[in-house]
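Spelled out from the first residue to the last, the chains are:
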Amino acid sequence: MKKYLPLAIILLLAAVLRVVALDKYPAGLNADEAAIGYNAWSLVQTGKDEHGVSWPVVFRSFDDYKLPVYFYLVLPFVKLFGLNIWSVRLPSAILGLGSVLLVFLLVRKLFTNNKYLPYLSALILSASPWHLQFSRGGWEVNVATFFILLGIWGFFKGLEKPKYYFLFVISLALSLYTYHSARIVSPLLALYLVVFYRRPLFSGFTGKKRVTILLALLVGIIITTPIAIQLLSKEGQARFSGVSLLSDTGPYWRALELRRGHPQESGMYVRVIHNQYLSYSLRFVKNYLSHFSPRFLFVAGDEIARSKVPEMGQSFLFLAPLFFLGIFWFLKMDSPEKRFVLFWFLVAPLAASMTFQSPHALRAQNMVIPLSIITAAGLSLALDFLGKLRPKLIKPIFVVLISIFGLCSLGRYLHMYYVHYPKELPFAWQYGFDQIAAYTKAHYDEYDHIVISDRYDQPYILMAFFLQYSPETLQKEMVMTPRDNFGFSTVRNMGKYEFHKINYDNVDKKMPNTLIIAADEPVNDKAVIFTIYDPVGKPMYKFLSTK
Amino acid sequence: MKKYLFLIIAIALGTFLRLWQLSAVPNGLTWDEAAIGYNAYSILKTGRDEHGAFMPLIFKSFGDYKPGAYIYFTVPAVAIFGLNEFAVRFPSALAGILAIFGVYLLVKELFSEKKLKPIRIFSIDINIWDFSAIALAVSPWHVHFGHGAWEVNVFSTVMVFAMYFFLRFIKNKSSIFPLISLVCLSLATYQAAKMLTPFIFLFLAIVYWRDFWHQTLPLLKPRKIVPLLPFILFALWILFGSIFSSAGNRLATLSVFNYKPGISEATRQIDGSTSPYISLFHNQTELSFHMVMSRYLYHFSPEVLFYEGSLFSERAHIPSLGVLHPLEIIWLVLGLIWLTRLFPNKQTIVILGLLLIAPIPASLTLAEFSTYRALFMVIPLSIISGIGMYYGIQKIKWFIAPVFLLYFIVSVYVFDIYFLHSQAVFAKEFNYGYKQAVEIIKENPTQRVIFTDVLGQPYIYYVFYTGYDPSTYQKNIDFIDGGLDVGRVGHVGNVEFHQFGNDELTHLKDTLLVGSEGNIDRSFDITGENVALFKQINTPDDKIIFRIVKTKP
């Protein structure tokens, strides 16, 4: 029993960090989470999603065609606990905890003669700001990372017991149905494993083992075929073309501008060095390398408010030297396992680099796994080295020091997450819609129209979520707007509710018997009848009536 | 001869990249460059600097106290080429070229005991040191710093040779004199050397502890140590002397540890002003730790090394690019793999150690990242790149050819950007326009000239481009001290340096007024009755720098 105590402590820490006050922090609920929850609820109630499609394989949502796995994971929770924030976020938190356990198992399998490494890897992942950020919230990507880990663990387990190859194939296939970027990362990882472990994989390729492998392969082909079809379809491409690197015309214009700097614009020399191929390639190199930037990883973190905690990097700053030490250890590449982890680290941000926003903590989230393992390896290396030094006291001193650093960093991170994050970036998680819903529900009969500002993403789905708006009605009323520049659509009308930018003086004031809910649009402050304040106490939504 | 073919190619290429268009790229002159040039000219003519100090070791200049070595290097260049941009930049360019040879020697010496198999291409043997020399020769960072009067570039070269003689010294005592004189020279060349030089030699002494001690012990005998004493005293004087002077004062104000902003209002509001969290999580120790660590890490961030991120101040890198070649990452990774595979060995420790030590002084200053303070990193980085090229060819043979081709095309792209497309950005950063303005002053003699000081230190450009007689200047100097900040000069002869406005433009007679767009704005009537002449100086991308009005007598 004592054997499992360290692991149990790590898992307990991971669970506490992932589950405590999950419904209140992050403060609010974002549009994607609301869409996942509402669609799952709609399926429970009617067997159809908000658009009236029964049991879809791709959810149309805001025309961004979300992948299905997370919706179906949320479904039983919605059925059991009803439509609320807990049901949407709990699956991701649980699988985040699962990832911590899997990292332990995987590292133990990979580096068998390294006593501390599995524990250190799990410990670092359990408290990793990057992994916590996406374990807390209804993030599909976190689930994809879990399935990738499960699949890889299955592969290494399969080298001993071939039946685990089913786990390998099915789990990686599921990751393809969970999050878009897995569609690039998972196949590459699978390919690497099969190619570089072909000898143990195919040794003794007879009898039961052969049947198992061939069956697993067949299962894999069957599950993944629909993806090939999907990728060729219009819906499959829609999402990618909106965010793709190629949709940014900057590099193209840059090449043209550089050409114009030359006296002979279309000479051979000019065309060889200034062309869009080179221009876009350099941009790709930039995007790709940006994910390995120590500034991104340890200091500044992602730019997007939803993916970052103020003043935090993707990992703790004090871990940076250990990370470098770990890289040094892995670069030696003297075992196939080291090569694999390094390969994963290099492949992880590939999908994110093909989009125009980089570095992107969300799309590259699976990077946190090799990152944690590498950092842990650095720590384990340092412990080994210091253990050999004399006087014997050096190692315990180092352990104490690093623990103090760790505790201080974790403490500060938690302080930033629970105190500063909601107050500094209340918009990130669309704070306040539960209160809007509660107010409008109470005063629903007093007004003919309720107009809500569309200042923040997709207000309709948040209202539908918090009002528990009847799915049958929504399916009937549903009219989507044409796609915007990024390929998203939204809903403007839902029963009495309307969603558009508030133009108080010229339009909305003149509407009869209407409740107007404005965000930061200018309104007549004297006529405000009710206000919702953000966590720091500034007005976030102002309610006005034209009665 | 064949043995040196690659070295000759590297030096020839390096020389071309550093000397070609030396005075025109970047198209202007920084304040420091002009000051260095004029002080060298002043020393050449009178033996005194602009402030009248006789052969100083540290030049007061604008009140920023420049280390003197670079200025003395410039004296012969000014004597030969005259007082112009080329002469000011030549010592740095020359240092850049010498550094290629220095790295060759250093790497060769470093690996002398390892029997490395050279690579044979067309029956020519190429070694790691040849590749390192070539990597440095075409390094955009190093080329750019060879194109300007940058002390730090000379410092890097001096350090490369000093390290080479250190490696010689631990085998052969006779190298002690070149070693110790180069160490002293490095200290006199560059401010931050006071930290960097001791760190690096301390590090080398630890790595080669046994040999070093074996060689140093006999030197400590009284008879042997006497000839070394002047050098040691000189080094100690520079190291500790300046700490108590005004130059040391300036250094302290730039330190990270002097930055104490206190608790921000926003934090107070969020945490509540009496909250224990404020002293627990928002204290000065945390801030200083965060600042030093992050600054140190920035030196290894791709956004400064391989592409242009948000950390740059424009002047000291190629616009739109990082400090290194964008594809240099390939060689660096290969080189690091090779080095780690060799580990544990002294070479790996030395090269990686240099790379890790180089950013330390820069991490302790307030500026987030400066390509200038980080320049010494280019030496270990180029060595690693060279190793990467060697390892790449050795490992994957001819298949590496496409990578080299791609690398070559991107190199052409990089230097095309540097020599052709960067001028618009450089014009702003390198004070394009001062030269042209001074030309106009020279062509139009008037009773009085008023020159705006909005772009900083106009006087130095005036004396530089007119070759103003240094002894006259020293006698009539009108320097106004700026305390801890840099000072300014009120007037030189009939040229005054201050701001002016419409009042002066309409009332002063027989005056030449050189102003910015703010001084002579668009509402001013350039055909007005007081105006005898109007001229405008624009950047290459047609932005106004100076507008010049000559009034009627």
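What you see is a predicted model, and the numbers here were worked out from it, not measured in a lab.

1. Comments concerning the interface of chain A and chain B
- Taken together, the contact between chain A and chain B spans 29 residues of the former and 28 residues of the latter.
- Elements supplying a minimum of two residues to the side of chain A that touches chain B: α14 (268–273), α15 (276–290), α16 (294–300), α17 (320–331) and α21 (394–424) of chain A.
- Considering only residue class, the side of chain A that touches chain B consists of 18 nonpolar, five polar and six charged.

2. Notes on the nonpolar core
- The biggest cluster of nonpolar side chains holds 308 residues, and the ones touching the most others in it are Val103(A), Leu149(A), Met463(A), Val103(B), Ala133(B) and Ala162(B).
- Counting residues per element, this core draws most heavily on helix α7 (residues 151–169) of chain B, at 14 residues.
- Once residues lying within four places of it in the same chain are set aside, the contact partners of Ala133(B) are Leu7(B), Ala10(B), Ile100(B), Val103(B) and Tyr104(B).

3. Notes on unusual backbone geometry
Residues and elements named next belong to chain A.
- A cis geometry characterises the amide bond from Tyr25 onward to Pro26, with omega recorded as 0 degrees.
- Here Ser358 and Pro359 are connected by a cis peptide whose omega angle stands at -5 degrees.
- Inspection of the secondary structure puts Pro359 in the loop between α19 (350–353) and α20 (368–388).
- You will see that Trp55, though not glycine, has its phi angle at about 40 degrees, which is positive.
- In this fold, Trp55 is placed in the loop between α2 (31–46) and α3 (69–81).

4. Thoughts on the sheet that holds strand β5 (residues 448–451) of chain B
All names here are of chain B.
- Judged by pairing direction, the sheet is mixed, and its six strands sit side by side in the order β8-β9-β5-β10-β12-β11 without closing on themselves. At either end of the open sheet lies a strand with only one pairing partner, and these are β8 (491–492) and β11 (531–538).
- Where β5 lies against strand β9 (residues 495–497), three bridges are found, and the strand directions are parallel. Across the sheet, the residue bridging to Phe451 is Phe497, located in β9.

5. What about the sheet that holds strand β1 (residues 449–452) of chain A?
All names here are of chain A.
- Reading across from one edge, β2-β3-β1-β4-β6-β5 is the order of the six strands in this open sheet, with mixed pairing throughout. Of all strands in the sheet, those with a lone pairing partner are β2 (493–494) and β5 (528–533), marking the two edges.
- Alignment of β1 against strand β3 (residues 497–499), held across three bridges, turns out to be parallel. Bridging across to β3, Ile450 finds its partner in Tyr497.
- Lying on the sheet, helix α22 (residues 433–442) is in contact with β1, β4 (514–518), β5 and β6 (539–545); it crosses β5 at an angle near 150 degrees.

6. A look at the environment of Glu337(A)
Residues and elements named next belong to chain A.
- Tracing the backbone shows Glu337 in helix α18 (residues 336–347).
- Along the sequence, Glu337 and Val107 sit 230 residues apart, while their C-alpha atoms lie 9.4 Å from each other.
- Excluding residues within four positions of it along the chain, Glu337 makes contact with Leu110 and Phe111.

7. A closer look at the environment of Val549(B)
Residue and element names in this part refer to chain B.
- As for its placement among the helices and strands, Val549 is situated in strand β12 (residues 544–551).
- C-beta crowding within 10 Å serves as the criterion here: with 26 such atoms nearby, Val549 is assigned to the buried category.
- Spatially, the C-alpha atoms of Val549 and Pro276 are 62 Å apart, while their sequence positions differ by 273 residues.
- When sequence neighbours within four positions are dropped, the list of residues in contact with Val549 reads Leu505, Leu513, Ile520, Val531 and Phe534.

What counts and how
Residues numbered from 1 in each chain as written. Chains lettered and ligands numbered in written order. Predicted model: local features only at pLDDT ≥ 70, side-chain atom pairs only at ≥ 80, totals over all residues. Contact = placed C-beta atoms within 7 Å. Helix = DSSP H or I, 4+ residues; strand = E, 2+ residues; numbered from the N terminus. Nonpolar A, V, L, I, M, F, W, Y, C, P; charged D, E, K, R; others polar. Core = buried A, V, L, I, M, F, W, Y, C linked by C-beta atoms within 7 Å. Buried ≥ 20, exposed ≤ 12 C-beta atoms within 10 Å, placed from the backbone. Pairing = 2+ DSSP bridges. Axes fitted to C-alpha atoms, helices over the stretch in contact; angles between N-to-C directions.

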